[in-house]
Amino acid sequence: MIKLLVKRYLLIIGMITLLGWSLSFIDILMISKGGKIIDYFGNNNLYELKRNLKIFVIIVVISLFLQTFLGWLFSYIRKKIIFDSEMFIFNHLIYLKPTALLKFKTGDIVNRISKDIQSITLFFNKSYLDLVKNCSYILFSFVYICVLNKTFSTFFIIYVIFLIFVTIFFTKRVQKFYYGYYNKYAQKNAYITEVIYGLITIKSNLACKFFGSRFKSILKDTLNEGYRADLVSLLGMVLTLFVVLLFVILSFLMGLHFITKNILTLGSFISIFAVYISNSNKISNVYNSIASIRANLAGIKRLDEFIKEEREVEQLPEIRFSKKIILRNINFRYDNVEILKDLNLTVRKGEFVCITGKTGVGKSTLLSMLLGFIYPFSGDIIIDDERVDEDEMLGLRRIIGYLPQHPFILDGTLRENVEFGEKYEDSKIIEVLKRSGLEDFLNRQEGLNTVLKEGGKNLSGGERQRIHLARILIKNREIYLFDEPTSNVDRKTERIILETIRELKEKGKTIILVTHREAPLKLADKIYELKDGKLKEIKGGEK
Ligand SMILES: Nc1ncnc2c1ncn2[C@@H]1O[C@H](COP(=O)(O)OP(=O)(O)OP(=O)(O)O)[C@@H](O)[C@H]1O
Ligand SMILES: [Mg+2]
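Residues numbered from 1 in each chain as written. Chains lettered and ligands numbered in written order. Predicted model: local features only at pLDDT ≥ 70, side-chain atom pairs only at ≥ 80, totals over all residues. Heavy atoms only, no water.

## Re the overall build of the protein chain
Put simply, the rule reads: The helix count covers DSSP runs of H or I at least four residues long, the strand count covers runs of E at least two residues long, and both are numbered beginning at the N terminus. Throughout, radius of gyration means the C-alpha value; the globule benchmark is 2.2 Å times the number of residues raised to the power 0.38. Relative accessible area decides the class of each residue, using a 1.4 Å probe on protein chains only: under 20% of the type maximum gives buried, over 50% gives exposed, and in between gives partly exposed. Two residues form a contact once any of their heavy atoms are found within 4.5 Å. Per-residue and other accessible areas follow the Shrake-Rupley method at a 1.4 Å probe size, with only the shown protein chains counted as cover for residues. A positive count includes Lys and Arg, and a negative count includes Asp and Glu. His and the chain ends are not counted in either. Charged groups are reduced to one reference atom each: NZ for lysine, CZ for arginine, CG for aspartic acid, CD for glutamic acid.
Within the protein chain, the secondary structure is distributed over 15 helices and 12 strands. Expected size for 543 residues packed as a compact globule is a radius of gyration near 24 Å; at 35 Å, the protein chain overshoots this value by more than 25%. Within the protein chain, the proportion of its 543 residues that are buried is 47%. When contacts within the protein chain are restricted to residue pairs at least 6 apart in sequence, long-range pairs at least 24 apart make up 78% of them. With an accessible surface of roughly 28700 Å², the protein chain has 60% of that area assigned to carbon and sulfur atoms. Placing the 78 positive and 57 negative side-chain charges of the protein chain at their respective mean positions leaves the two points 8 Å apart.

Dropping the structure here:
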């Protein structure tokens, strides 16, 4: 992730580096001019005093200009980087293979896209500049001290080397602890999401106290991890400051000694001392920026784990389906549980196939395979005499209308839920709503503008299913997959839905319907029972 962004923003990063160096250089220049001005003031050398004062003012103005430019650059880069990285991660989520999605909890993914992504901006925005500025400042100070006094410079090197060791030792641990903290933080958020989804169940099982105390222990655990990370960071910081202050005192005493020996002028002493004092600040800043870069890297590592997961192709391939789909000797398992074993099925174009079978036997899994959500471990999927691979298989989605067992409802109007990203005439929407047995909605005051809440919270299970049915009918696809389309509705609504499915059959659509109910079986050309991972044809249209 970081490599990708560095590549994309190389120019801007270069500019930040250059500006960081320039600002530090200017700071040192100011201090050096300040020292000289004091000396010229002491000697009463008015000509040089004036000349240096002028240069001093020019330097201050340049510094102001550069700082303003940097401020603007940051606002710009923040906007660009947040946009690019959030888009990148969101697209990754959208195109992720459904099997990869199963590895993460919902709340954890939300956390990655919201909180962890901030690590990237913090990294580019502040931590990196601070590091460049402070490191270059230390380097320039070193050069400046070298020019003024050799003893001071040796002293300076020892001090910096010592601090590098302290920084490396502590910040490495900071990253490790923050990574643990970020993971726990995400799990805590995932738990909150889980509780929101299950609130009704939790309340109805009188389990509020249990879930409350579980949250308490998760929260404690999470915060303790963060606390540990902070403590390690603080310990390194205190040690750094201690070393810095020790060296400031030593340099002060050494400076006084040099003045009495006439090795150093008062102006130079004040400049060197100013450099030492300001360096004490810079060095603790370097520690802080490395510690925060390390903490940000922990967040970026979590993003990297997510973007490592495999994606589907973005552009679904075109697919030809004019004769039949054959599943030949299909084997599929979830983890180590075999679901489909040497399964065979042929569905001809225009055919209506019903699949029944006990619960948990793999009926929905079979439909998922036809949608390309999963691919068999062995066996062939053949469309119109040609074997299709995993990527080609995704092309089927272009021609499939799929009614899942647990339909998804968008937080929006009835119209938006039916159109689902496309645009249709009102008359067309009304027609599919009627065909889906949803006439009642049209009689409501807001009609097509009735607001449906997130996840269909304000709908019945059967209504959710029928809204999804309208959504796929309007798209007019070649193949329809129905997973228990009438399991949640009364007999009257079942009749309306089956009538619609019968019309689809008459229009020559290919239909695969999974059901436990008797009524849909009567419409089918073929009925199969899924048992022990295989399909067995049931003759005579009876179960
Ligand atoms: N993502 C998954 N990971 C692991 N196992 C899974 C997963 N999804 C489903 N299963 C298991 O696979 C088996 C088949 O599930 P599937 O949903 O296909 O059954 P089904 O025949 O549609 O059942 P139902 O009639 O209850 O809808 C079940 O035992 C289920 O527990
Ligand atoms: Mg099912």
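The structure having been displayed, the exposition proceeds.
## With respect to the coordination of the magnesium ion (ligand 2)
Here is the rule: Coordinating donors are taken as N, O and S atoms within 2.8 Å of the metal, stretched to 3.2 Å for Na, K and Ca; because water is absent from the atoms, sites can appear incomplete.
At this site the magnesium ion (ligand 2) is bound by Ser364 (OG) and Gln405 (OE1), with donor distances of 2.0 to 2.3 Å. Of the two residues, Ser364 is situated in helix H9 (residues 363-370) and Gln405 in the loop between strand E6 (400-403) and strand E7 (412-413); the sequence distance between them amounts to 41 residues. Judged by its relative accessible area of 25%, Ser364 falls in the partly exposed class. When its relative accessible area of 32% is taken as the criterion, Gln405 is described as partly exposed.

## Observations concerning the domain arrangement of the protein chain
Note the cut-off: Here the limits of each domain have been adopted from an automatic or database domain assignment.
In terms of domains, the protein chain is made up of domain 1 (2-185 + 229-307) and domain 2 (324-541). Between the C-alpha centres of domain 1 and domain 2 the distance comes to 58 Å.

## A look at the sheet that holds strand E11 (residues 526-531)
Note the following rule: When DSSP finds two or more bridges between a pair of strands, those strands are recorded as paired. Under this scheme, a helix contributes an axis fitted over its contacting stretch, all axes are lines through C-alpha atoms, and angles between N-to-C directions fall in the 0 to 180 degree range.
Spatially, 6 strands are ordered E6-E9-E10-E3-E11-E12 in an open sheet, and the strand pairing comes out mixed. Two strands lie at the open edges of the sheet, namely E6 and strand E12 (534-538), each paired on one side alone. Between one strand axis and the next, the sheet turns through 20° on average, direction left out of account. Pairing analysis gives 4 bridges linking strand E3 (residues 352-356) to strand E10 (residues 510-514), with the strands arranged parallel. Across the sheet, residue Val353 finds its bridge partner in E10, namely Ile512. Against the sheet, H9 contacts E3, E6, strand E9 (479-483), E10, E11 and E12, and its axis sits at roughly 155° relative to E9.

## Remarks on the pattern of salt bridges
The following threshold applies: One speaks of a salt bridge when a side-chain nitrogen belonging to Lys or Arg is within 4 Å of a carboxyl oxygen belonging to Asp or Glu.
Applying the stated criterion across every chain, the model contains 32 salt bridges. Across the pair Glu463 and Arg444 runs a salt bridge, and its minimum N-O distance is 4.0 Å. Taken together, the residues Glu463 in helix H14 (residues 461-473) and Arg444 in the loop between helix H13 (439-442) and strand E8 (451-452) connect sequence positions 19 residues apart. You can call Glu463 buried: its relative accessible area is 17%. By relative accessible area, Arg444 is classed as partly exposed at 37%. A single network of salt bridges, built from pairs that share partners, joins Asp108, Arg112, Asp116, Arg302 and Glu305.

## Quick look at the site of ligand 1
To keep it simple, the criterion reads: Any residue with a heavy atom lying within 4 Å of a molecule or strand is counted as near it. Each polar contact in these results corresponds to two N or O atoms within 3.5 Å; when the atoms are within protein, one needs to be able to donate a hydrogen and the other to accept it, and residues that are neighboring in sequence are counted only if both atoms are side-chain atoms.
In the region of ligand 1, 13 residues are neighbours, and Thr359, Lys363, Ser364, Thr365 and Gln405 sit closest. The contact in question runs from an oxygen atom of ligand 1 to an N or O atom on the side chain of Thr359, over 2.5 Å. Contact between ligand 1 and Gly360: an oxygen atom at 2.8 Å from a main-chain N or O atom of the residue. Notes on ligand 1: free accessible area 640 Å², of which the protein chains cover 65%. Counting residues per element, the shell around ligand 1 draws most heavily on H9, which supplies 3 residues.

## Concerning the packing of aromatic side chains
The condition is simple: Note on ring pairs: Phe, Tyr and Trp rings are taken, using the six-membered ring of Trp, and paired if centres are within 6.5 Å. Classes follow the plane angle, with under 30 degrees stacked, over 60 edge-to-face and the rest tilted.
Under the defined criterion, the tally for this structure stands at 22 aromatic pairs. Pairing Trp72 with Tyr76 gives two aromatic rings, centres 5.5 Å apart and planes at 15°, and the pair type is stacked. Taken together, the residues Trp72 and Tyr76, both in helix H3 (residues 46-95) and 4 residues apart, mark about one turn of the helix. Ring centres 5.3 Å apart and planes at 80° place the aromatic pair Phe104 and Phe306 in the edge-to-face group. Separated by 202 residues along the polypeptide, Phe104 in the loop between helix H4 (98-101) and helix H5 (106-148) and Phe306 in helix H8 (residues 266-307) bring together distant segments of the chain. The burial state of Phe104 is the same as that of Phe306; both residues are buried. Taken together, the ring pairs in this structure connect Tyr178, Tyr181, Tyr182 and Tyr185 into an aromatic cluster.

## Some points on the sheet that holds strand E4 (residues 378-383)
As summarised here, the arrangement of the 4 strands in space is E2-E1-E4-E5, forming an open sheet in which the pairing is antiparallel. Because the sheet does not close on itself, it has two edges, and the strands there are strand E2 (337-348) and strand E5 (386-387). Here 8 bridges tie strand E1 (residues 324-334) to E2, and the two strands are oriented antiparallel to one another. Bridged to Lys324 within E2 is Arg348.

## Description of the packing of helix H6 (residues 150-204) against H8
Short version of the rule: The cut-offs work like this: below 35 degrees is roughly parallel, past 145 is roughly antiparallel, 65 to 115 is roughly perpendicular, and the gaps in between are oblique. We call a crossing left-handed when the near helix sits turned anticlockwise from the far one by less than a right angle, and right-handed when that turn is clockwise. Three residue categories are used. Nonpolar comprises Ala, Val, Leu, Ile, Met, Phe, Trp, Tyr, Cys and Pro, charged comprises Asp, Glu, Lys and Arg, and polar comprises the others, including Gly.
Contact pair H6 / H8: the axes reach a minimum separation of 8 Å and the direction vectors enclose 30°. With respect to H8, the element H6 is oriented roughly parallel. Relative to H8, the crossing made by H6 is right-handed. Taken together, the residues of the contact of H6 with H8 break down into 20 nonpolar, 7 polar and 5 charged.

## Points about unusual backbone geometry
In this structure, Leu206 takes a positive phi of about 50° despite not being glycine. The residue Leu206 is located in the loop between H6 and helix H7 (208-260) in this model. The exposure class of Leu206 is exposed, given its relative accessible area of 76%.

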